Structures are given as structure tokens and as C-alpha cells.
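One-letter residues, chain by chain:
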Amino acid sequence: VQQELLKSVGMRSVRQAAGKEWNDAVEIFLKNETYPVVVKPTDSAGSDGVKLCHNFDEAKEHFHALFEIEAVNGGFNTEVLCQEFLRGKEYVVDTVSRDGEHKTCAVWVYDKRPANGAAFVYFGMVPIDTSSQEAKLLINYCNNALDALEMQNGPSHAEIILTASGPCLVEMNCRAQGGDGNWQQLAQALTGGYSQVEASVDAYLDKKAFSVLPRIPPSPAKAFGQEVILVSYAEGQVAATPGYDVIKKLESFVYLETGVGTGSHVEHTVDLVTSVGSVILLHHDEDVVQNDIATIRQLEKNNKLFDFEKSSVMMKAVSTLNFQNLFPMQC
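Cut-offs used in this document
Residues numbered from 1 in each chain as written. Predicted model: local features only at pLDDT ≥ 70, side-chain atom pairs only at ≥ 80, totals over all residues. Heavy atoms only, no water. Helix = DSSP H or I, 4+ residues; strand = E, 2+ residues; numbered from the N terminus. Rg over C-alpha atoms; globule rule 2.2 N^0.38 Å. Buried < 20%, exposed > 50% of the residue type's maximum accessible area, 1.4 Å probe, protein only. Contact = heavy atoms within 4.5 Å. Lys, Arg positive; Asp, Glu negative; His and termini not counted. Charge placed at Lys NZ, Arg CZ, Asp CG, Glu CD. Pairing = 2+ DSSP bridges. Salt bridge = Lys/Arg side-chain N within 4 Å of Asp/Glu carboxyl O. Patch = residues over 30% accessible without salt bridge, like charges linked within 9 Å, V, L, I, M, F, W, Y side chains within 5 Å. Areas by Shrake-Rupley, 256 points an atom, 1.4 Å probe, with all protein chains shown as cover. Arc of directions from axis to C-beta. Polar contact = N/O pair within 3.5 Å; in protein donor to acceptor, adjacent residues only side chain to side chain. pLDDT = per-residue confidence, 0-100. Expected span 1.5 Å × (residues − 1).

### Some thoughts on the overall build of the protein
The helix and strand inventory of the protein stands at 10 helices and 15 strands. For 331 residues, the compact-globule formula gives about 20 Å, and the C-alpha radius of gyration of the protein, at 21 Å, lands near that figure. Principal-axis analysis of the C-alpha atoms places the extent of the protein at approximately 60 × 55 × 35 Å. Every one of the 331 residues in the protein was classed for burial, and the buried ones make up 51%. Long-range contacts, defined here as pairs at least 24 residues apart, represent 68% of the contacts in the protein between residues at least 6 apart. A distance of 4 Å separates the average location of the 27 positive side-chain charges in the protein from that of its 43 negative side-chain charges.

### Brief notes about the sheet that holds strand 15 (residues 307-308)
With respect to topology, three strands assemble into an open sheet ordered 13-11-15, the strand pairing being antiparallel. Unpaired on one side and paired on the other, strand 13 (265-266) and strand 15 mark the two borders of the sheet. For strand 11 (residues 236-240) and strand 13, the ladder comprises two bridges, and the chain directions are antiparallel. Following the sheet pairing, Gly236 is matched in strand 13 by Val266.

### Re the pattern of salt bridges
As enumerated under the stated definition, the model contains 11 salt bridges in all. Note that Lys112 is salt-bridged to Glu90, the shortest N-O span being 2.4 Å. With Lys112 in strand 6 (residues 101-115) and Glu90 in strand 5 (residues 89-98), this residue pair connects regions lying 22 residues apart in the sequence. The pair formed by Lys112 and Glu90 is uniform in burial state, with each residue classed as buried. Arg297 is the partner of Glu300 in a salt bridge, and the nearest nitrogen-oxygen pair spans 2.9 Å. Of the two residues, Glu300 and Arg297 both sit in helix 9 (residues 286-301), three residues apart, roughly one turn of that helix.

### Considerations on a negative patch on the surface
Among the surface-exposed residues, Glu251, Asp285, Glu286 and Asp287 lie close enough to one another that they form a single negatively charged patch. Among the secondary structure elements, Asp287 is positioned in helix 9.

### Describing the environment of Tyr204
Checked against the element boundaries, Tyr204 lands in helix 6 (residues 196-205). Looking at Tyr204, the relative accessible area reads 53%, which means it is exposed. For the pair Tyr204 and Arg98, spaced 106 residues apart in the sequence, the C-alpha separation amounts to 7.5 Å. Apart from the residues lying within four places of it in its own chain, the contact partners of Tyr204 are Arg98, Asn153, Gly154 and Pro155.

### Details of helix 2 (residues 24-32)
Turning to helix 2, its buried residues number three or more, namely Val26, Phe29 and Leu30. For helix 2, the buried positions fall inside an angular range of 90° around the axis, keeping them on one side. Facing away from the buried side of helix 2, by more than 90 degrees, are the exposed residues Asp24, Ile28, Lys31 and Asn32. The inward-facing, buried residues of helix 2 contact strand 1 (16-19), strand 2 (37-41), helix 3 (56-65) and strand 4 (80-84). One side-chain oxygen of the residue at the start of helix 2 lies 3.1 Å from the amide nitrogen of Ala25, identifying that residue as Asn23.

### Brief notes about the confidence of the model for the protein
Taken over all residues, the pLDDT of the protein has a mean of 92, while the share at 70 or more is 92%. Between residues 318-331, whose pLDDT stays under 50, and residues either more than four places distant or in other chains, the model counts 33 contacts.

### Here we look at helix 4 (residues 133-148)
The end-to-end C-alpha distance of helix 4, which contains 16 residues, comes to 23 Å, matching closely the 22 Å that a straight helix rising 1.5 Å per residue would cover. Among the residues of helix 4, Ala135, Leu138, Ile139, Tyr141, Cys142, Asn143, Ala145, Leu146 and Ala148 are the ones counted as buried. Summarising the contacts, the buried residues of helix 4 are in contact with helix 1 (2-8), strand 5, strand 6, strand 8 (154-163) and strand 9 (166-173). Immediately downstream of helix 4, the backbone of Glu150 shows phi near 55°, a positive value.

### Observations concerning the side chain of Gln226
With respect to the element layout, Gln226 can be found in strand 10 (residues 224-229). On the basis of relative accessibility, which here comes to 8%, the residue Gln226 falls in the buried class. Beyond its immediate chain neighbours, meaning those up to four positions away, Gln226 contacts Met125, Val126, Pro127, Leu186, Val279, Ile280, Leu281 and Ile293.

Shown next, in the form of C-alpha cells:
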């Protein structure tokens, strides 16, 4: 629906077709669209069930398969969406609105790379300087999209890909950014005191306070940091988590969120569901942050995040560097 509304006002939108079952519209789309295409459920969350299909048969097979598997958030999928593959980096624009006035609270870019046989694994979320040309394009596009969708009040979380032909909306979420709010302290530090959370409270409860918030965050940012999403290149039954102990002692460490502990079974990370944690790093010195990121990536590369039970077979994933040649524009 969002894409059709953008299309109706002449904005760049995703070519797509959806169905609660296989239908003529879906078949025509898949037979005429340039491959690869994205096939995903409309009922799930994150990257659950999302697949990049390289031909008609693969797309049709995945379309039908999605109705047979349980979604990560429970229940079964009721509709499947087929979309053009957007080549480019994927960004996030977090906004809060009151009476149609939009205030950008943060702009981020997803760090996606090939890993463990998957083309686009999340490695992190990095703040973008709001005075950069890319940020200006994204903010303007996002505000126009909010107007087109008639989203006049409250927080919004937009995911946008910057293609060769300009920004294109992936989806507009009528909520604040997720992640259990682990990003809030980082966002506050970047702006010098407020985040999307505080701005949302002001939008609903304090018109005057909202009116004095800047339309975009300050540039340069008041601090340095990012979210680092942890990737496992090994799998097995976890006996201990020594890598977590190292991470917690890093100079820029703020917060670690993970569901992995002693006794957990770790799989190769291929999406957000199989990531093994999220780390928030924050510091006044950019070099400190970059050095700490390098330390975390070395722990991952050397399979030092976890000790595995001896009865488990630790398997290192097959290298997928060839994906970088297949999709040079995607991050």
C-alpha cells in the first residue's frame, strides 16, 4: 500500500506484486521483472523469510514455501510480496512529526556484507553526518514520503535505499526505531541531548518543547559511535562466552544485547535472527571507536567470541567473497 501511495504522487517507489496465493499479477510480474528479485512475507519482521531470487522458478518456489513455514514472530504468513531488487546502500531515517511538521532525529546506514553463504548480512548501523549530500537527499525524500502517506503525528522509522536514480522507500514503519531501544544513549550523545524517544514525548505532550527541537540533528555530531552487530562464523553448543568479556572491557563500550549464553546453540550468522548480539560503542575520540570495532571484528574472524562444547563440531563457514563481485553496489 505504501509503495502504491508513493507512486500515485509521482515519487520513486518499488515495482512490486503481492498475493495471498499465487495469482496472475504475481506471475506476470515475475516473468517480466529484471532479476534478481526480492521475495518476502508481509507478516514477518526483520530479514525473516526474505530471499533474493535469481530466476522465475526460484522465485515461484520461495513464494509457495513462505506459506508453509512459521514466521519468526509467530504464526504463519498470509501474504507474500515480490519486489524489484534495489541496488544501493540501505539507510534509516528516524523522524518525529507533530501536525505535519517533521523533525529528523537521526540518519543511519546499514553495514551489510557477504558472510556465511548469505549476500547481505548485517554487521552494524552507522550514523551519517546530516550535512552530507546523501543525508540531505534522504531527509527530503523521507519528509515527502511522510506527507504522501499522510503520517502527521508521532515517530516514524523509514528504511530507504539510495539507488542510482535516487532514494527509494523500502518501508515506512509508524513507530520509533526498534532494537529494544539499545540505540537511545548513542542517539542522545550524537545530538547532544535528545533522541527520537524524547522528541516523541514532546510531540505528544509539549508543543512548545517540540517546536524548539532542530529540524535535523547537529553537524558535526557531538560524539562518535555506532551499533556493531555480532556475526558468528562458527556454530555449535556454547560452553563459554570469553569474547563478550573482552567486548565489555573496550574503552568505548556502552551496552551489549544478546540472547546467547552458556548452553545456547549458535548457528552461522546469515540474517538478523541468527546474529549473536548487538554492541553499542560510544566515545568522544573517533580513533578509540574504530580501534574497538577492529577488535570485535578480529574476535569474530578468529572464532574467539565463544568456546564451544567439545562434543559439538565447530564448522567454519565457506567463504563468500564472490558475492562482492555479484552485487558491487549493495552494502
